[in-house]
Amino acid sequence: MAFDLDMIKKVYDRYSTRVAAARTATGKHLTLTEKILYAHLSEGDAKQAYGRGVDYVDFAPDRVAMQDATAQMALLQFMQAGRPQVAVPSTVHCDHLIQAKVGAVEDLHTAVDVNREVYDFLASVSDKYGIGFWKAGAGIIHQVVLENYAFPGGMMIGTDSHTPNAGGLGMVAIGVGGADACDVMAGLPWELKFPKLIGVKLTGKLSGWTSAKDVILKVAGILTVKGGTGAIVEYFGEGAQSLSATGKGTICNMGAEIGATTSIFGYDEKMAIYLRGTKRAEIADAANAVKEHLTGDPEVYASPEQYFDQVIEINLSELEPHINGPFTPDLAWPISKFATAVKENGWPRELEVGLIGSCTNSSYEDITRSASIAKQAVDKHLKTRAEFTITPGSEMVRYTVERDGYLSTFEAMGGVVLANACGPCIGQWARHTNDPTRKNSIITSFNRNFAKRQDGNPNTHAFVASPEVVTAMAIAGDLTFNPLTDYLTNDKGEQVKLDEPLGIEMPVKGYAVEDAGYQAPAEDGSVVTVKVDPKSSRLQLLEPFTAWEGTDITGLKLLIKARGKCTTDHISMAGPWLKFRGHLDNISNNMLIGAINYFNNTADSVKNELTGEYGPVPATQRDYKAHGIGSIVVGDENYGEGSSREHAAMEPRHLGVRAILVKSFARIHETNLKKQGMLGITFADSNDYEKIQEDDTIDITGLTTFAPGKQLTVVLHHKDGTTESFPVNHTYNAQQIEWFKAGGALNIIRRQMA
């Protein structure tokens, strides 16, 4: 459980020489992002790429963090690598598989029973390979990492898209697929396309109802869900320094919703306060000794336009609380305009549920600000009109806020405290409704609100706001309520108004916990047996994917031409499917069942070219595979946005899909496809998307001379006997082409270890 101070000091020792070398090589001042990236260049990286304009660069991360849903597949892959122990400090966190139904205690007991074989597998494989294991109930991975492992100037990869939460403590923390985690745990360099840089200058200071959550809700409205793709967002300015470390974490966490590689703040006194408050004073002391390297150069922040590809400026003193949604986290509404938007768009005005917590907003500060509103509801005789739930971020936070009386405040208001887990945020929630076909509205302090994300119901209009605004809206039960200006009628018939929320950044009595939920690995892992039942429906040992046959790929059938948004939730749903995350064949039965078929505007209904009949996507693909026929998936813009789940790449690979052709990819998903030996290509001309017909047979040529920067060709054989072709692009570098040829990156790792 203890942080590795010696490792951190070694990281800091690299900074002076690496930063000086970078300044000499580039002849310019450096952003914080550049300093951290340059300090973590892999020793084996011949490019030593100081400066942008380069392609992929090899890095050496300091840590790996995995959540239980993705850790299963990551560790099943790692078991094939042939190493006796992980090469870098790594942890597993059991937070995704706990379903919220009744309340924290009952739900946790149920989860431990239902998921016993998965937890036993994760505990045993962690024990064997030297991985720290956080048991179910310990908390949400990102909150636990922030409290225990994140440190200023470090680099971490995690198998969850909200890994950037650790940017709240000045760490470059990047969400990846399990195959990337496997590489780093196996001691190999980690490859990243060198990012663009977006600078966000924060001036002024937050006050009243406005919180750190409103900063990222505003940024999401500016950049949209793909505006940060391929970029790291660096926050700076006096406003940035005024935010708490956990507030910074909220902003960095939800940066995943703009497609950013990661987001980060420079080291400051707020971070030092948090480190000392979480019993890591030694890290604060070590960071203070090199603090000039843990923030951007003053010259950069004085003239940011010269150093960033894009600069955004936000005055916190003028920022309004925001509510984003529905159906997308970038539809941003200042609260003064939200009621009008609700009425004009015909969104269900009655609010059925308010939910606070999640990895984005479950800190002590978040809970105390929300509790100050809940206490007013009790004191002012207001009846809470919507169902209301609270999800603490970790056992340490839960224990501390219970000790300080805040959980009882929520319960007095009518709230239900759920387990320290992801729960409703990822669809692990028993929604209480008497009519699932009714259009309805919920509001959360979570990060994502895609259709069906929270409760599987396409009729649910989900909105995102700060925890205190969510609490106020739940009390009102009305989406058009503005807590800054509007009055409510209490049980006595009186008109009352909610006062501004009051929060406490750090607990006055300090944090406390009886059992944090940590299990250290065995001293000698060689005597540990990994627990996998060969008859299990939830766990399945992996077989290597086959290598490329060395020819062009011809005779492909069109599996689906997806219309519009196709996130990883559409490609590989969560919710009830989480239980199969360790069983590739079983979870493949959810492949693309949420994607909308271009030709009939229906989900999970595609034409089987062998029978001429329409049926489910997975069953159709299994029929093609049984007949030895490959297929292709065609998609729209930003294909694969959202979660880091590599199952969205592994499932089509497992079932025999040969290529994914889209207008554009989300970063993590494109990398996941490459890691699994899949061909991921993009239209050179997005209008060519319209040329693809339902009955086409498709060839991909040029693969025998596959090379970086060299286009491939797609040939369409139409049912009427005509053909047409067009060029397609790819972003494969030389190493990634070798992954494709070998049938996946893991095949190369295994070969090297052997």
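Scroll up to find the structure.
The rules behind the values
Residues numbered from 1 in each chain as written. Predicted model: local features only at pLDDT ≥ 70, side-chain atom pairs only at ≥ 80, totals over all residues. Heavy atoms only, no water. Phe/Tyr/Trp six-rings, centres within 6.5 Å; stacked < 30°, edge-to-face > 60°. Helix = DSSP H or I, 4+ residues; strand = E, 2+ residues; numbered from the N terminus. Buried < 20%, exposed > 50% of the residue type's maximum accessible area, 1.4 Å probe, protein only. Polar contact = N/O pair within 3.5 Å; in protein donor to acceptor, adjacent residues only side chain to side chain. Pairing = 2+ DSSP bridges. Axes fitted to C-alpha atoms, helices over the stretch in contact; angles between N-to-C directions. 1 Å grid on protein atoms, 1.4 Å probe; cavity = no way out; pocket = protein on both sides within 12 Å on 5 of 7 lines; lining within 4 Å. Points joined across faces, edges and corners; volume = space filled by probe spheres on them. Nonpolar A, V, L, I, M, F, W, Y, C, P; charged D, E, K, R; others polar. Salt bridge = Lys/Arg side-chain N within 4 Å of Asp/Glu carboxyl O.

**A short note on the packing of aromatic side chains**
So, step 1. Under the definition given, this model contains 25 aromatic pairs.
So, step 2. Measuring from ring centre to ring centre gives 6.2 Å for tyrosine 38 and phenylalanine 194, while their planes differ by 25 degrees; the resulting arrangement is stacked. One end of the pair, tyrosine 38, is in helix α2 (residues 32-39); the other, phenylalanine 194, is in the loop between β7 (190-193) and β8 (196-203), with 156 residues separating them in the sequence. For the pair tyrosine 38 and phenylalanine 194, one class covers both residues: buried.
So, step 3. Ring centres 6.0 Å apart and planes at 45 degrees place the aromatic pair phenylalanine 388 and phenylalanine 410 in the tilted group.

**Regarding helix α3 (residues 68-78)**
So, step 1. Within α3, 11 of the 11 residues are buried, which leaves it mostly tucked inside the rest of the structure.
So, step 2. Inspection of α3 places Asp68, Ala69, Thr70, Ala71, Gln72, Met73, Ala74, Leu75, Leu76, Gln77 and Phe78 among the buried residues, and these make up the whole buried set.
So, step 3. Here α3 starts with a cap whose side-chain oxygen sits 2.8 Å from the backbone nitrogen of alanine 69, and that cap is glutamine 67.

**Here's the deal with the sheet that holds strand β29 (residues 712-717)**
So, step 1. Strand order in the closed barrel made by the 7 strands is β22-β25-β26-β27-β30-β29-β28, with mixed pairing throughout. Direction aside, the axes of adjacent strands within the sheet are offset by 40 degrees on average.
So, step 2. Where strand β28 (residues 697-701) meets β29, 5 bridges bridge the pair, whose relative direction is antiparallel. Counted as the bridge partner of threonine 697 is histidine 717 from β29.

**Some remarks on empty space enclosed by the protein**
So, step 1. Counted according to the given criterion, the structure contains 8 cavities of 30 Å³ or more.
So, step 2. Its boundaries defined by the atoms lining it, the largest cavity holds a volume of some 210 Å³.
So, step 3. Around the largest cavity sit 19 residues that line it, and Ala256, Gly259, Gly642, Ala666 and Ile668 are the ones nearest its centre.
So, step 4. Classifying every residue of the lining of the largest cavity by side-chain character gives 7 nonpolar, 8 polar and 4 charged.
So, step 5. The volume enclosed by the second largest cavity comes to roughly 150 Å³.
So, step 6. Along the wall of the second largest cavity there are 18 residues; nearest its centre are His96, Asp160, His162, Ile426 and Arg453.
So, step 7. Looking at side-chain class alone, the lining of the second largest cavity contains 5 nonpolar, 8 polar and 5 charged residues.

**Points about the pairing of strand β30 (residues 723-729)**
Along any regular strand, the residues point their side chains to alternate faces of the sheet.
So, step 1. In this structure, strand β27 (residues 679-683) lies alongside β30, joined through 2 bridges in antiparallel fashion. Looking at β30, one finds that threonine 682 is bridged to asparagine 729.
So, step 2. Pairing analysis gives 6 bridges linking β29 to β30, with the strands arranged antiparallel. Paired with valine 714 across the two strands is phenylalanine 726, which belongs to β30.

**What to know about the pattern of salt bridges**
So, step 1. Inspection of every chain in the model, using the stated rule, returns 31 salt bridges.
So, step 2. Between lysine 675 and aspartate 180 there is a salt bridge, and its shortest N-O distance comes to 3.0 Å. Here lysine 675 is found in helix α23 (residues 667-675), whereas its partner aspartate 180 is found in helix α7 (residues 178-185), with 495 residues between them in sequence. Side by side, lysine 675 and aspartate 180 carry an identical accessibility label, which is buried.
So, step 3. Residues joined by salt bridges that share partners form a network here, namely Glu352, Arg431, Arg438 and Asp455.

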